[in-house]
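Geometric and topological summary
The primary structure of each chain is shown beneath.
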Amino acid sequence: MKNKQTQEVKHFKYKFSPLLIRLAIAIIALCVVGLALSVYRVIEAGVPTFLDSLKSPLLIILCVFCIAIVVGILLCSRYTVKGEYYYVQFGFIKSKYSIKEITAVVLDTDTKKLTVYVWENFSVLTMEAEDAWKFVETLQAVKPSITYNVTLTTPPPPRMEGFKTSLIGAIDVSIALCIIPLVFLLPLCGQVGAVLGLIFLASIILLVLNASILGIRSIKKSIKQKKAGSPLPIATLVLGIVSCALSLLAIILTPIFFIPALLILL
């Protein structure tokens, strides 16, 4: 009984990809906008019909529920090792696995993910590189026969990697700029227009945020390569600057286009 009570518990943070983090931010932003619109409608127009008395409160509850789920996933996702078991918690969902059944653990240096093998079956874990080795050490403390391997891959040339990053950023912000003018069509869609508007707004936020991050990252990589003595990657630097400039333009244009459309819909 004492051993069970004094079992050491170790936690390792779940590592989210940048895309998932941006998607979570977009969902939260979408829900906040939906929540604000619902509250505004209730305050301004009240609930004149039975349908309105159901629609607005349900939308408010749905937005709050979605925000709680996303925040729960971001804050509560982790890996836990306790005794002879390790637990995978993704938000409010928790799974339990026996360490004694693990045969091998492989770290992929390309994807930065751990693959845990249980004979022919496997599961993939994502965590920080610093935590990966500590996690494996903790597993081997329970079962020393677990083998640990690392896969080595040849990284792409820095110039090509930076160019791809900047190109993706430029494409993302270009798509956002193409979506913004479509806001003028929302009043023609009736009640569906408000929903489409929220979807458009969330998409624009996600695309512009991603383009801004990739653009700044590309500029930093270009400067870093120049300082290291390598030739300045002109294409990467130009695309990075274009991504940041167009992102700023999208941030300015979005309220100019959206506010009149929302006033018409409301």
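Residues numbered from 1 in each chain as written. Predicted model: local features only at pLDDT ≥ 70, side-chain atom pairs only at ≥ 80, totals over all residues. Heavy atoms only, no water.

1. Some thoughts on the sheet that holds strand β1 (residues 9-13)
- Pairing is antiparallel in the open sheet, where 4 strands are placed in the order β1-β2-β3-β4. Of all the strands in the sheet, the pair left with one neighbour each is β1 and β4 (93-98). Here the average twist between neighbouring strands, direction ignored, is 20°.
- Summarising the sheet, β1 and strand β2 (residues 78-82) pair through 5 bridges and their orientation is antiparallel. Across the sheet, residue F12 finds its bridge partner in β2, namely Y79.
- Of the strands in this sheet, β1, β2 and β3 (85-90) touch helix α4 (residues 129-142), which is tilted by about 150° from β1. (Pairing = 2+ DSSP bridges. Helix = DSSP H or I, 4+ residues; strand = E, 2+ residues; numbered from the N terminus. Axes fitted to C-alpha atoms, helices over the stretch in contact; angles between N-to-C directions. Contact = heavy atoms within 4.5 Å.)

2. Remarks on the packing of aromatic side chains
- Following the criterion strictly, the structure yields 10 aromatic pairs and no others.
- Ring pairs connect the aromatic residues F12, Y14, F16, Y79, Y86, F90, Y97 and F135, which therefore count as one cluster.
- One residue, K96, lies across the ring of Y85, its end atom 4.1 Å from the ring centre. (Phe/Tyr/Trp six-rings, centres within 6.5 Å; stacked < 30°, edge-to-face > 60°. Lys NZ or Arg CZ within 6 Å of the ring centre and 35° of its normal.)

3. Here's the deal with the nonpolar core
- Counting 18 residues, the largest nonpolar core has Y86, L114, L125, F135 and L139 as the members making the most contacts within it.
- Those elements that provide at least two residues to this core are β2, β3, β5 (104-108), β6 (113-118) and α4.
- With 4 residues, α4 is the single largest residue contributor to this core.
- Aside from chain neighbours lying at most four places away, what touches L139 is V81, Y86, I99, I102, V105 and I146.
- Counting residues in hydrophobic clusters, the runner-up holds 14 residues, among them L201, V208, A250 and F257. (Core = buried A, V, L, I, M, F, W, Y, C linked by side-chain atoms within 4.5 Å. Buried < 20%, exposed > 50% of the residue type's maximum accessible area, 1.4 Å probe, protein only.)

4. Description of the sheet that holds strand β8 (residues 147-151)
- Taken together, 4 strands build an open sheet; the order of strands is β7-β6-β5-β8 and the sheet is mixed. Pairing within the sheet leaves two strands with one partner each, and these edge strands are β7 (121-126) and β8. Pairs of neighbouring strands in the sheet enclose a mean axial angle of 20°, with direction left out of account.
- Bridging between β6 and β7 involves 6 bridges; their strand directions are antiparallel. Opposite V116, over in β7, you have S123 as the bridge partner.

5. Quick notes on the confidence of the model for the protein
- Overall, the prediction assigns the protein a mean pLDDT of 79, with 83% of residues at 70 or greater.
- Mean pLDDT across the secondary structure elements of the protein bottoms out at helix α1 (residues 2-5), with 44, and peaks at β2, with 90.
- Within the model, the stretch residues 1-6 combines pLDDT values under 50 with 0 contacts to residues more than four positions away or in other chains. (pLDDT = per-residue confidence, 0-100.)

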